[in-house]
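# Analysis of the macromolecular model
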Amino acid sequence: MTAPRRNERSRRAILAAALELLSETSYPDLTIEAIAARAGVGKQTIYRWWRSKGMVILEALVDSAGEPGDMALPDTGDLRADLRTVLRATVAEFADPRLSATTRAITIETLADDVLAEQVRDQLLRPQLSAVRERLRAGRRAGQVHDSVDLDLAVELLFGPIYHRWLLRNGPLTEAYADDLVDLAMAAMAAMAPGRSRLEAAP
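Keep in mind it's a predicted model, so treat the numbers as computed, not measured.

So, how was this worked out
Residues numbered from 1 in each chain as written. Predicted model: local features only at pLDDT ≥ 70, side-chain atom pairs only at ≥ 80, totals over all residues. Heavy atoms only, no water. Axes fitted to C-alpha atoms, helices over the stretch in contact; angles between N-to-C directions. Helix = DSSP H or I, 4+ residues; strand = E, 2+ residues; numbered from the N terminus. Parallel < 35°, antiparallel > 145°, perpendicular 65-115°, else oblique. Left-handed = near helix turned anticlockwise from the far one by under 90°. Contact = heavy atoms within 4.5 Å. Phe/Tyr/Trp six-rings, centres within 6.5 Å; stacked < 30°, edge-to-face > 60°. Buried < 20%, exposed > 50% of the residue type's maximum accessible area, 1.4 Å probe, protein only.

## Some details on the packing of helix α7 (residues 114–141) against helix α8 (residues 151–168)
Where α7 meets α8, the closest approach of the two axes is 9 Å, and the angle between their N-to-C directions is 125°. As the angle between them shows, α7 and α8 are arranged oblique. Relative to α8, the crossing made by α7 is right-handed. Counted together, Leu125, Leu129, Val132, Arg133, Leu136, Arg137 and Arg140 of α7 and Leu151, Asp152, Ala154, Val155, Leu158, Phe159 and Tyr163 of α8 form the full contact between these two elements.

## A few points about the packing of aromatic side chains
Scanning the model with the defined rule gives 3 aromatic pairs in all. Taken together, a centroid distance of 5.3 Å and an interplanar angle of 85° make the contact between Phe94 and Tyr163 edge-to-face. You can see Phe94 sitting in helix α5 (residues 79–95) and its partner Tyr163 sitting in helix α8, a full 69 residues away along the chain. Judged by relative accessible area, which is 12%, Phe94 ranks as buried. Take Tyr163: its relative accessible area is 26%, and that puts it in the partly exposed class. Relative to Trp166, the ring of Phe94 has its centre 4.9 Å away and its plane inclined at 50°; by these criteria the two rings are tilted. A residue pair is termed long-range when its members are at least 10 positions apart, and Phe94 in helix α5 and Trp166 in helix α8 qualify at 72 residues.

Here is the structure:
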């Protein structure tokens, strides 16, 4: 079945309205009807183009993030400093009550909606994590990351603990925490030799 053709002006109005309302109210209180009224369209238009409120918000967030190329990490030549910049910004977003509430609500929706979960992964998370992987790849070329390091695993090492702490609320999300994660990851990425574990490499 062919997807309904979208009017670009209406699409942008809907996404802008969704983000505006999200800044004024909580995610659970945000409704399709309110988005439609703010955008000046019928709610049937929104339901024709999106399956759920979560998908409207996801597309608005993806659009506001810009093109995938815009997500490239800074490269000052100092990998540790660049990763600290990125992880500090990440923990700041998760520590922000309003941003965190929206992210948590969408995360809950993905548990019951496989299509939304796939879109969140492919449209929002994967471009961001790929940008980090490319910065690590540049760090490898500069001799700051060992050739044996699995870069995808290194990205998980950097961001996995943040998601874990955020989901379980088992500790503060601070700049100091972000810096400690970077220091731990840098130590792991720099010293591993091919075929040797950290325990085997220890004196």
